[in-house]
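The primary structure of each chain is shown beneath.
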Amino acid sequence: MMAPFSQFENMRLVAKLAAARKRQREAKGKCEGRESLAELRLDVVEVVKRMRRKSKAGRMSLRAISTELAAQGHVNERGKAFNPKSVAAMLT
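The rules behind each value
- Residues numbered from 1 in each chain as written.
- Predicted model: local features only at pLDDT ≥ 70, side-chain atom pairs only at ≥ 80, totals over all residues.
- Heavy atoms only, no water.
- Axes fitted to C-alpha atoms, helices over the stretch in contact; angles between N-to-C directions.
- Helix = DSSP H or I, 4+ residues; strand = E, 2+ residues; numbered from the N terminus.
- Parallel < 35°, antiparallel > 145°, perpendicular 65-115°, else oblique.
- Contact = heavy atoms within 4.5 Å.
- 1 Å grid on protein atoms, 1.4 Å probe; cavity = no way out; pocket = protein on both sides within 12 Å on 5 of 7 lines; lining within 4 Å.
- Points joined across faces, edges and corners; volume = space filled by probe spheres on them.
- Nonpolar A, V, L, I, M, F, W, Y, C, P; charged D, E, K, R; others polar.
- Salt bridge = Lys/Arg side-chain N within 4 Å of Asp/Glu carboxyl O.
- Buried < 20%, exposed > 50% of the residue type's maximum accessible area, 1.4 Å probe, protein only.
- Core = buried A, V, L, I, M, F, W, Y, C linked by side-chain atoms within 4.5 Å.
- Arc of directions from axis to C-beta.

A.B. asks: Report on the packing of helix 4 (residues 62-72) against helix 5 (residues 84-91), specifying residues and quantitative values.
C.D. replies: At a minimum axis separation of 8 Å, helix 4 and helix 5 run at an interaxial angle of 95°. By the angle between their axes, helix 4 is roughly perpendicular relative to helix 5. Together, Leu62, Arg63, Ile65 and Ser66 of helix 4 and Pro84, Val87, Ala88 and Leu91 of helix 5 make up the contact between the two elements.

Below, the structure is given as structure tokens:
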């Protein structure tokens, strides 16, 4: 007797959560997963994109951008310079 009720309850819960995720996606565009750096630190992403643009001296490397960000006071959540891979993620 409990098995059919449990199965029904599970299906109801799955449908309810799927509908809630759909509403969230329609309202905000994203509902699951970790927030990206572009969502959390838009100011830093804009600085990185400006630094990466080609200048007369050539494009800055990801490591150089990371060092320059730290010099300007833009550090990660642990208070250290951004990893070059994090800088690359900000550019995409």
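Moving on from the coordinates now.
A.B. asks: Give me the lowdown on the layout of surface pockets, citing residues and values where you can.
C.D. replies: The calculated volume of the largest pocket comes to roughly 270 Å³. Lining the largest pocket are 13 residues, with Arg34, Leu37, Glu77, Phe82 and Ser86 positioned closest to its centre. Of the residues assigned to the lining of the largest pocket, the class counts are four nonpolar, four polar and five charged.

A.B. asks: Can you break down the pattern of salt bridges residue by residue, with the values?
C.D. replies: For the structure on display, the rule yields five salt bridges. Ionic pairing is found between glutamate 39 and lysine 30, a salt bridge with its closest N-O pair at 3.3 Å. Residues glutamate 77 and arginine 78 are paired through a salt bridge, measuring 2.9 Å at the closest nitrogen-oxygen approach. Taken individually, glutamate 77 and arginine 78 each receive the classification exposed, so the pair is uniform in this respect. Sharing partners across several salt bridges, the network here consists of Arg21, Arg25 and Glu32.

A.B. asks: Explain the nonpolar core to me, using residue names and the numbers behind them.
C.D. replies: Within soluble globular proteins, side chains that are nonpolar generally end up buried alongside one another. Listed in full, the ten residues of the largest apolar core are Val44, Val45, Val47, Val48, Met51, Ile65, Leu69, Phe82, Val87 and Met90. Elements represented by at least two residues in this core include exactly helix 3 (42-52), helix 4 and helix 5. For leucine 69, the contacting residues outside a window of four places in its chain are Val44, Val47, Val48, Met51, His74 and Phe82.

A.B. asks: Requested: an account of helix 3, with residues and values cited.
C.D. replies: Those residues of helix 3 that fall on the buried side of the exposure criterion are Val44, Val45, Val47, Val48 and Met51. Down the axis, helix 3 shows its buried residues gathered within 160° of arc, on one side only. For helix 3, the secondary structure elements touched by its buried residues are helix 2 (37-40), helix 4 and helix 5.

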